[in-house]
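Chain by chain, the residues:
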Amino acid sequence: MDPHDPPGGPGAPEPHPVSPMEQALHAARALVLADLVAREVAEADVVSMVEESVTHRRWWVEQWPDGADFLAGLVAQDVQDALLERHGRWPLCPVCGTGDPHALEVEPELGPDPHWVCHKAGVKVAAVGRLGGAVPS
Ligand SMILES: [Zn+2]
């Protein structure tokens, strides 16, 4: 843990131990982990990819607090990119039974209420965090 004391002095004790920003980060982390578990790739190095993304996005949302609602979609895309480099496409589309295997994409890329979408079939498959519940596999 980094104490991160500002030079101006400690000030009053913080009444909220967990800031809304931290809550949003925590929720984004939980949603993406749920999708990783649902698609059976929640290995140790994958979890560390989520942590890397959350660390990066914590910095990001501190610069732009209005983006807190976008964190789940952004973390999902970060992890998707990291997985593509190290493991391959994720999450594979469960809708299209034929043709080349392809990954779902997050929509909106930068917005609230992100969903996994198959652009080939043109369908919303599930909300980010709900891949396990919405997709019979
Ligand atoms: Zn598809």
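Analysis parameters
Residues numbered from 1 in each chain as written. Predicted model: local features only at pLDDT ≥ 70, side-chain atom pairs only at ≥ 80, totals over all residues. Pairing = 2+ DSSP bridges. Helix = DSSP H or I, 4+ residues; strand = E, 2+ residues; numbered from the N terminus. Expected span 1.5 Å × (residues − 1). Buried ≥ 20, exposed ≤ 12 C-beta atoms within 10 Å, placed from the backbone. Arc of directions from axis to C-beta. Axes fitted to C-alpha atoms, helices over the stretch in contact; angles between N-to-C directions. Parallel < 35°, antiparallel > 145°, perpendicular 65-115°, else oblique. Left-handed = near helix turned anticlockwise from the far one by under 90°. Contact = placed C-beta atoms within 7 Å. Nonpolar A, V, L, I, M, F, W, Y, C, P; charged D, E, K, R; others polar.

**Quick notes on the pairing of strand β2 (residues 115–118)**
Remark: a regular strand shows side chains that alternate across the two faces of the sheet. Across three bridges, the pairing between strand β1 (residues 105–107) and β2 is antiparallel. Residue pairing in the sheet places V106 in a bridge with W116 of β2. Relative to strand β3 (residues 123–127), β2 runs antiparallel, the two sharing four bridges. Note on β3: the bridge partner recorded for V117 is K124. The turn linking β2 back onto β3 is made up of four residues, and G122 within it adopts a positive phi angle of 70 degrees.

**A few points about helix α1 (residues 20–38)**
Compared with the 27 Å implied by 1.5 Å per residue over 19 residues, the 27 Å span of α1 between its first and last C-alpha is a close match. Within the sequence span of α1, burial applies to A24, L25, A28, R29, L31, V32, D35 and L36. With its buried residues spanning 165 degrees around the axis, α1 presents them on a single face. Of the exposed residues in α1, those oriented more than 90 degrees away from the buried face are P20 and Q23. Just beyond α1, the residue with positive phi is E40, at close to 55 degrees.

**Considerations on the packing of α1 against helix α3 (residues 71–86)**
At their nearest, the axes of α1 and α3 sit 8 Å apart, and the two run at 45 degrees to each other. With respect to each other, α1 and α3 are oriented oblique. Crossing angle aside, the handedness with which α1 passes α3 is right-handed. Packed against α1, whose contacting residues are A24, L25, A27, A28, R29, L31, V32 and D35, the element α3 presents L71, A72, V75, A76 and V79 at the interface. Split by residue class, the contact of α1 with α3 holds eleven nonpolar, no polar and two charged.

**What about the environment of D66?**
On the secondary structure map, D66 appears in the loop between α2 (44–63) and α3. Since 7 C-beta atoms lie within 10 Å of it, D66 is described here as exposed. Between the C-alpha atom of D66 and that of M21, which follows or precedes it by 45 residues, the distance is 9.7 Å.

**With respect to α3**
Its 16 residues give α3 an end-to-end C-alpha distance of 22 Å, which sits within 8% of 22 Å, the value for a rise of 1.5 Å per residue. If you check which residues of α3 are buried, you get L71, A72, G73, L74, V75, A76, V79, Q80 and L83. Of the residues one or two after α3, G88 is the one with positive phi, at around 130 degrees.

**As for the sheet that holds β1**
On the basis of which strands lie adjacent, the open sheet formed by three strands has the order β1-β2-β3 and antiparallel pairing. Since the sheet does not close on itself, it has two edges, and those belong to β1 and β3, each with one partner. Going across the sheet, the axis of each strand differs from the next one's by a mean of 40 degrees, ignoring polarity.

**A word on the environment of V47**
Structurally, V47 can be placed in helix α2. Along the primary structure V47 and R29 are separated by 18 residues, whereas in three dimensions their C-alpha atoms are 9.5 Å apart.

**Digging into unusual backbone geometry**
W90 connects to P91 through a cis peptide bond whose omega is -15 degrees. Inspection of the secondary structure puts P91 in the loop between α3 and β1. The residue after E107, namely P108, is reached through a cis peptide bond having omega -5 degrees. Inspection of the secondary structure assignment puts P108 in the loop between β1 and β2. Of note, the phi angle at D113 is positive, near 55 degrees, even though the residue is not glycine. Inspection of the secondary structure puts D113 in the loop between β1 and β2. What makes D113 exposed here is the crowd of 12 C-beta atoms within 10 Å.

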